[in-house]
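Each chain, letter by letter, is given below.
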Amino acid sequence: MGPKQGPRAAKFDHLLKLLLIGDSGVGKSCILLRYSDDSFTSSFITTIGIDFKIKQINVDSSRVKLQIWDTAGQERFRTITTAYYRGAMGILLVYDVTDEVSFENVQNWMRQIRQNATENVTIFLLANKCDVNPSERKVSTEQGKAEADKYGVKFFETSAKLNTNISEAFSSIATDIVENIKENPDRYGGGSDGGGKKPKGNSGATSLASGSRKKDSNCC
């Protein structure tokens, strides 16, 4: 018999830290729940601080562990959430196609990213709730694409409710990051954990999220 595999042997090739950011109520938590658990709730759940999920996928021949952080969109939690930009390798910036203000605030979130995230972070723009009746829509597909082009980022229209482009968006951003790691490993700390370690003070922020959520209505 050969030697036993050590208990610390890695079960994945890359650990990628991803952030979901955007205004409160755009459906970030619903997107995360749909992707991680393939479930959906029509109740609007306001994230208090930070919450996260883990999911493992395959990208080509690589085993990739995704650590996906769901951040609070409210201004009063901004000082908490900005600390989590550090070490993030991918950011999914979400707006609500029925809420023009959330779309206008994309520029503010982009400013936050530039100020707090690493220079080589991969950014996707997600236009959520694309399943709504056209009469309820305030932001067109063309507007969303133009905004993404302005910042040089990829664009997806998503629906957590109908599971539209949710897996595609996460798979695409993971693929882009893994390709970047392979091309420029030195910029990602060698590519093994990709800077995906939890920031200091994580346990307190996570307990805020897991223990304190506020329910409203009309999510996603």
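For the structure itself, look to the data block above.
Predicted, not measured: the structure shown is a model, and the values here were computed from it.

Definitions and limits used
- Residues numbered from 1 in each chain as written.
- Predicted model: local features only at pLDDT ≥ 70, side-chain atom pairs only at ≥ 80, totals over all residues.
- Heavy atoms only, no water.
- Helix = DSSP H or I, 4+ residues; strand = E, 2+ residues; numbered from the N terminus.
- Contact = heavy atoms within 4.5 Å.
- Areas by Shrake-Rupley, 256 points an atom, 1.4 Å probe, with all protein chains shown as cover.
- Buried < 20%, exposed > 50% of the residue type's maximum accessible area, 1.4 Å probe, protein only.
- Phe/Tyr/Trp six-rings, centres within 6.5 Å; stacked < 30°, edge-to-face > 60°.
- Lys NZ or Arg CZ within 6 Å of the ring centre and 35° of its normal.
- Polar contact = N/O pair within 3.5 Å; in protein donor to acceptor, adjacent residues only side chain to side chain.
- Core = buried A, V, L, I, M, F, W, Y, C linked by side-chain atoms within 4.5 Å.
- Salt bridge = Lys/Arg side-chain N within 4 Å of Asp/Glu carboxyl O.
- Axes fitted to C-alpha atoms, helices over the stretch in contact; angles between N-to-C directions.
- Parallel < 35°, antiparallel > 145°, perpendicular 65-115°, else oblique.

**Here we look at the overall build of the protein chain**
Helix and strand counts for the protein chain come out as seven helices and eight strands. Taking contacts inside the protein chain between residues at least 6 apart in sequence as the whole, the part at least 24 apart equals 77%. About 10800 Å² of surface is accessible on the protein chain, with carbon and sulfur atoms providing 46% of the total.

**Thoughts on the environment of V64**
By the element assignment, V64 lies in strand 4 (residues 62-71). The class for V64 is buried, based on a relative accessible area of 0%. Spatially, the C-alpha atom of V64 lies 6.0 Å from that of L15, the residues being 49 residues apart in sequence. Setting aside anything within four residues of it in sequence, one finds V64 in contact with H14, L16, K55, Q56, I57, V59 and V178.

**A short note on the packing of aromatic side chains**
Considering all chains together, one arrives at five aromatic pairs under this definition. Through successive ring pairs, a cluster of aromatic residues spans F52, W69 and Y84. Lying across the ring of W69, K17 places its NZ or CZ 5.8 Å from the centre. Looking at K55, its charged tip hangs above the ring of Y35, at a distance of 4.3 Å from the centre.

**Quick look at the side chain of D70**
Here D70 lies in strand 4. Side-chain polar atoms of D70 contact the side chain of S29, separated by 2.5 Å.

**Brief notes about the side chain of N120**
Mapped onto the secondary structure, N120 falls in the loop between helix 4 (106-116) and strand 6 (122-128). In terms of polar contacts, N120 uses its side chain to reach the side chain of T118, at 3.2 Å. Excluding residues that lie within four positions of it along the chain, N120 makes contacts with R187 and Y188.

**Notes on the nonpolar core**
Counting 29 residues, the largest nonpolar core has L16, L66, L92 and F170 as its most contacted members. Secondary-structure elements contributing two or more residues to this core are strand 1 (14-21), helix 1 (28-37), strand 3 (50-59), strand 4, strand 5 (90-96), strand 6 and helix 6 (166-183). Counting residues per element, this core draws most heavily on helix 6, at eight residues. In this structure, L92 is in contact with L18, L19, L20, I21, F124, L126, A169, F170 and I173, ignoring residues within four places of it in sequence. Judged by nonpolar contacts, the second largest core, of 26 residues, contains W109, I113, V139 and A148.

**Remarks on helix 1**
In terms of burial, helix 1 is largely enclosed, as eight of its ten residues are buried. Among all positions of helix 1, only K28, S29, C30, I31, L32, R34, Y35 and S36 are buried. The positive-phi residue at the C-terminal boundary of helix 1 is D38, with phi of around 50°.

**Here's the deal with the pattern of salt bridges**
For the structure on display, the rule yields seven salt bridges. Residue R63 pairs with D13 through a salt bridge whose shortest N-O separation is 3.4 Å. With R63 in strand 4 and D13 in the segment before strand 1, this residue pair connects regions lying 50 residues apart in the sequence. A salt bridge links K154 to D176, with the shortest nitrogen-to-oxygen separation between them at 2.9 Å. With K154 in strand 7 (residues 154-157) and D176 in helix 6, this pair connects stretches of sequence that are 22 residues apart.

**A few points about the packing of helix 1 against helix 6**
Contact geometry of helix 1 with helix 6 gives a least axis separation of 9 Å together with a crossing angle of 85°. It follows that helix 1 is roughly perpendicular to helix 6 by the angle criterion. On helix 6, the residues that touch I31, R34 and Y35 of helix 1 are I166, S167 and F170.

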